[in-house]
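Architecture at a glance
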Amino acid sequence: MAPKSRLSDHAASRPPCTLSTTILISETAQLTGSHPISIGEHTVLHPRCRLNSTLGPITIGDYCILNERVNIAAPDREGCKIENYVMVEMNAVVEARSVGEGTFIEVGAKLGGKCIVGKNCKFSPLTTVGEEEIVEDDTVIYGYGERRKDMSANKETRKKLVERQIEGLRALIKSDRAKFLT
Amino acid sequence: MNAPLFPSILISCPCSDNVGQQRSRRSKTAAADPDLDQWEEEGETFDPRSPRSAFSLFPLENLLFCEDCNQVRCPRCVQDEIACYFCPSCLFEVPSSTVKSEGNRCTRNCFSCPICFAALAVTATGEDQTGPFILLCAHCLWSTSDIGITFEKPTSITAQLTAKLKAASLPPSNSLAPPESSHSRPLSPLSQGSSVYNFRPNSPIPPPAPTDEAEFARLKGYYHQQNTIASSDDFGGAGSLSRLMGMYSTGRRIGSYGTGNMPKLVKQKQEWQEIESYRVMDSEDEVIEKMKKAGFYGATSQSQRIIQSHQPRLLEDVRPLAALLRTKRAKRCRSCRHILVKPEQKVGSIRYRIRLVAGLDHNAVNYFSLQPLATHQFLLTVTNPLYDVINITLATPEKTPGKYPATVYILCPEFEVGASTDVWDEALGPEAKPKAKAAKGRKTGLAGTIWDSGRNWTSVILEIVPPHLPDDVELEEDDFIVKVPILVRSVYESDVDKDDGIGKDIKEKKEHSYWSVLEVGRIGKKVAGKVGFDDSASAGTGVAVNKALPPTPSGEPREREHRDREHRSSSRSHRESAGAAR
Ligand SMILES: [Zn+2]
Ligand SMILES: [Zn+2]
Ligand SMILES: [Zn+2]
Ligand SMILES: [Zn+2]
């Protein structure tokens with residue numbers, strides 16, 4: 001039998017949340033910490049995705065998808081800000097100061113503390129970004145830390161794909177927004 | 001030779017001296033020398049330290065077994081045969097004639113990324129899956145639109161790409177892509193080289209040095225022409241001789257040999273020349289200027305550059321890489337031409353029709369050091385993949401060969417190993433268990449008894465007393481390793497022919513023996529006051545099952561996984577119980 005869920009331990013210290021009415025949040029997602037957490041419109045939080053605001057506030061934009069076992073933690077009191085259309089894949093760890101619009105963070109990637117990530121970046125599976133690093137717009141990090149600039153113009157297509165995926169997820173994930181507001 | 005893990009088992013393939021030859025035993029015994037006679041009869045102890053041994057010892061996974069020769073076959077005494085060519089990406093089989101004419105790359109829609117080498121996918125850029133289409137790398141997001149190429153339709157990308165590249169007028173120094181270059185061009189080093197570094201053949205007349213591609217096309221045309229002339233030459237003899245002479249003689253002499261067949265060809269030397277001329281290097285100023293402009297992120301890395309046939313320096317010049325074809329290979333015994341391994345012809349299948357692997361179970365054990373002059377006990381486990389019971393006889397020299405011999409003793413050198421029957425037989429019901437293991441002193445560690453046995457495996461104890469190495473002599477690394485040669489001989493009875501129903505009941509006695517070398521461990525420093533150090537059974541080492549999984553229709557090694565696991569866990573439990581028993 002699994003050990004007692006940590007969720008219940010932190011039930012007392014549930015953070016103040018601002019959740020848009022259009023979000024899709026699984027009841028087994030975990031919002032912990034003491035600083036405020038706000039989540040924008042149409043954003044999806046999969047089961048067992050964890051947001052920890054113990055050290056600072058967390059702000060998440062519109063049309064983001066945070067997958068299973070994603071771990072997002074504010075690095076310090078300035079908090080963590082994730083802009084619109086950010087996709088965070090399974091097992092990824094995000095401790096960034098900010099993540100720009102349209103960035104894809106793939107399976108198991110790790111964004112170190114206080115790093116600043118630009119727009120439309122892509123982090124391939126298991127790649128890492130060091131602490132306080134600045135990643136420019138349109139950077140693709142792949143393989144063993146190789147980087148390249150993505151010059152292609154299909155950013156709008158990617159956004160559309162995210163929107164379509166969110167539509168699909170509405171049928172799959174049972175949302176329990178009320179649970180996190182009480 | 002020294003495996004990093006001890007103990008390890010290497011098996012000797014006797015082919016290093018006489019591949020594919022039956023040893024002429026008779027002629028030797030006929031010699032009147034009684035010593036030689038005896039030597040032949042008894043066989044010489046295999047010396048793992050002899051320099052030649054390095055060439056005949058192989059780990060099990062490199063070995064096959066030939067049923068006809070009743071002999072282990074190593075990579076040197078099997079012959080590869082290409083069964084088919086196929087594209088690893090679309091799994092389409094490519095006929096060998098196409099491989100010869102079109103080259104060894106897929107001519108369908110299979111490309112890999114020039115940046116990260118992942119597979120590219122045809123992706124629509126328009127609304128609702130309409131064109132234009134691009135080849136997109138899902139990993140690093142590189143796409144053909146980065147080099148300004150899009151496709152009108154999502155099929156026959158190779159043809160479209162060829163046409164696009166042909167149309168694109170690029171500066172000659174780093175251009176590529178003349179007609180059908182990327183896929184139809186053989187990747188031989190001769191045709192590949194970069195235009196900048198290589199000496200290349202040079203027609204004496206035209207000063208503008210031809211690009212690689214032009215040169216390649218010219219040579220291809222030339223040799224093709226030669227080929228047609230050769231095949232249309234009715235008079236075989238004189239005409240083709242003079243033509244050959246013309247081809248191989250130097251430029252000046254050609255004229256005198258020319259026949260009516262080839263007046264144009266002899267005008268100048270057209271065939272491939274290697275050293276005869278050198279090439280003036282192109283000015284690199286332009287390239288350097290471009291590289292300056294492109295900067296670090298605009299330049300190709302070494303691996304990105306050398307994988308492309310035109311070796312571009314700038315990322316803007318890279319091209320999608322057509323997928324290289326792979327082969328499936330059959331393997332034959334060099335001695336009797338019997339097929340040892342034959343993959344399923346179907347490309348999508350990883351099954352084998354025939355696969356005769358030498359089977360041996362081998363547990364890797366962590367490195368540990370041996371104490372000099374202390375008795376060490378190991379468990380030697382023999383597993384049997386055959387459907388027949390086998391009788392094993394192990395023989396070792398009392399002292400291992402070498403300058404500092406270790407003493408070896410196998411407590412029970414003769415024993416039986418049960419057949420590889422259904423795994424469930426062991427699990428369900430005691431009557432299914434082999435009789436051999438009934439009672440007879442299990443796990444006593446007494447001489448003459450086996451340690452333990454199961455459905456298709458038997459363990460015996462091997463005792464080793466490593467030598468004391470002198471301190472005052474300089475020793476080589478090899479002297480520290482205890483290597484035990486073991487002659488494994490197995491006898492079993494099997495059905496003569498399993499295929500026809502008639503001979504079902506006739507049993508045939510088969511015998512097989514080979515030398516294997518067990519590298520037990522490294523001799524460490526002697527620890528004062530710890531004399532009877534005993535790591536009894538800390539190594540569960542499987543020696544030897546000499547023969548293959550019989551060729552089953554599916555060819556899959558049945559339950560092998562399971563057996564290994566079961567076997568391993570059993571040897572682990574030996575280790576614990578052995579500690580208690582001692
Ligand atoms: Zn061999
Ligand atoms: Zn293909
Ligand atoms: Zn790529
Ligand atoms: Zn053979």
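For the structure, check the block above.
Below: a short report on this structure. As a convention, each chain's residues are numbered from 1 in the sequence order in which they are written. Each chain is given a letter, starting from A, and each ligand a number, starting from 1, according to the order in which they appear as written. Reporting of local features is limited, given that this is a predicted model, to residues whose pLDDT is at least 70; pairs of side-chain atoms are given and counted only at 80 or more, and all residues count toward the totals for whole chains, interfaces and linings. Values reported for side chains reflect all heavy atoms of the structure, with hydrogen atoms and water molecules removed beforehand.

**Quick look at the overall build of chain B**
Condition: In this text, helices come from DSSP runs of H or I with a minimum length of four residues, and strands from runs of E with a minimum of two, each type numbered from the N-terminal end. Only protein chains enter the accessibility calculation, which uses a 1.4 Å probe; a residue is then buried when its area is under 20% of its type maximum, exposed when over 50%, and partly exposed in between. Should any heavy atoms of two residues lie within 4.5 Å, those residues are considered in contact. Methods summary: accessible areas were calculated by the Shrake-Rupley approach with a probe of 1.4 Å, and residue burial reflects only the protein chains presented.
Along its length, chain B carries 14 helices and 23 strands. Looking at chain B as a whole, 43% of its 582 residues qualify as buried. A sequence separation of at least 24 residues applies to 70% of the contacts in chain B between residues at least 6 apart. Split by element, the accessible area of chain B, about 30,800 Å² in all, is 54% carbon and sulfur.

**Things to note about the coordination of the zinc ion (ligand 3)**
All names here are of chain B. Put simply, the rule is: Each metal's donors are the N, O and S atoms within 2.8 Å of it, or within 3.2 Å when it is Na, K or Ca, and because water is not part of the set, sites may look incomplete.
For the zinc ion (ligand 3), the protein coordination sphere consists of Cys113 (SG), Cys116 (SG), Cys137 (SG) and Cys140 (SG), at 2.2 to 2.3 Å. When the donor residues of the zinc ion (ligand 3) are listed from N- to C-terminus, their spacing reads C-x2-C-x20-C-x2-C. Taken as a pair, Cys116 in the loop between strand 7 (111–112) and strand 8 (120–124) and Cys137 in strand 9 (residues 133–137) lie far apart in primary sequence, 21 residues in all. Cys116 gets classed as buried once you look at its relative accessible area, which sits at 16%.

**A closer look at the interface of chain B and chain A**
For the record, the criterion: Buried area adds together the accessible area that both of two parts lose upon being put together, with accessible area traced by a 1.4 Å probe. Salt bridges are defined as contacts in which a side-chain nitrogen from Lys or Arg sits within 4 Å of a carboxyl oxygen from Asp or Glu. Two N or O atoms form a polar contact when they lie within 3.5 Å of each other; inside protein one atom must be a possible hydrogen donor and the other a possible acceptor, and for residues adjacent in sequence the pair counts only when both atoms belong to side chains.
Of the residues lining the interface, 14 residues belong to chain B; the matching set on chain A comes to 14 residues. Carbon and sulfur atoms make up 52% of the area that chain B and chain A hide from each other, which totals about 1,000 Å². Linking chain B with chain A are one salt bridge, by the criterion used here. Our count for the contact surface shared by chain B and chain A stands at five residue pairs in polar contact (both at pLDDT 80 or more).

**Looking at the packing of aromatic side chains**
All names here are of chain A. To keep things clear, this is the line we draw: A pair of Phe, Tyr and Trp rings is counted when the ring centres sit within 6.5 Å of each other, with Trp represented by its six-membered ring. The angle between the planes then sorts it: under 30 degrees is stacked, over 60 is edge-to-face, the rest tilted.
With the rule as written, the count across this model stands at two aromatic pairs over all chains. Centre to centre, the rings of Tyr63 and Tyr85 are 5.1 Å apart; their planes meet at 5°, and the pair counts as stacked. Here Tyr63 is found in the loop between strand 7 (58–60) and strand 8 (65–66), whereas its partner Tyr85 is found in the loop between strand 10 (80–82) and strand 11 (87–88), with 22 residues between them in sequence. Judged by its relative accessible area of 13%, Tyr85 falls in the buried class.

**Brief notes about the pattern of salt bridges**
Taken as a whole and assessed by the stated rule, the structure comprises 18 salt bridges over all chains. Between Asp80 of chain B and Lys331 of chain B there is a salt bridge, and its shortest N-O distance comes to 2.9 Å. Here Asp80 of chain B is found in strand 5 (residues 78–86), whereas its partner Lys331 of chain B is found in strand 11 (residues 326–333), with 251 residues between them in sequence. Residue classification places Asp80 of chain B among the partly exposed residues on the basis of a relative accessible area of 36%. Across the salt bridge formed by Glu289 of chain B and Lys292 of chain B, the nearest N and O atoms sit 3.7 Å from each other. Of this pair, Glu289 of chain B and Lys292 of chain B are both found in helix 10 (residues 285–294), three residues apart, which corresponds to roughly one turn of the helix. On the basis of relative accessible area, Glu289 of chain B is assigned to the partly exposed category, the value being 44%. For Lys292 of chain B, a relative accessible area of 62% puts it in the exposed group. In this structure, a network of salt bridges that share partners links the residues Asp76, Glu78 and Arg97 of chain A.

**Overview of the side chain of Asp479 of chain B**
Note the following rule: When charges are counted, Lys and Arg contribute as positive and Asp and Glu as negative, whereas His and the chain ends are disregarded.
Assignment of secondary structure puts Asp479 of chain B in helix 13 (residues 477–480). The charged side chain of Asp479 of chain B is buried without a salt bridge, its nearest counter-charge being Lys403 of chain B at 4.0 Å.

**Digging into helix 2 (residues 155–170) of chain A**
Selection criterion: Here the expected length of a helix is defined as 1.5 Å per residue gap, with one fewer gap than residues.
If you check helix 2 of chain A, its first and last C-alpha atoms are 23 Å apart, about what 16 residues at 1.5 Å a residue would give, namely 22 Å. In the core, the buried residues of helix 2 of chain A are packed alongside strand 2 (24–25), strand 5 (44–45), strand 8 and strand 14 (104–105) of chain A.

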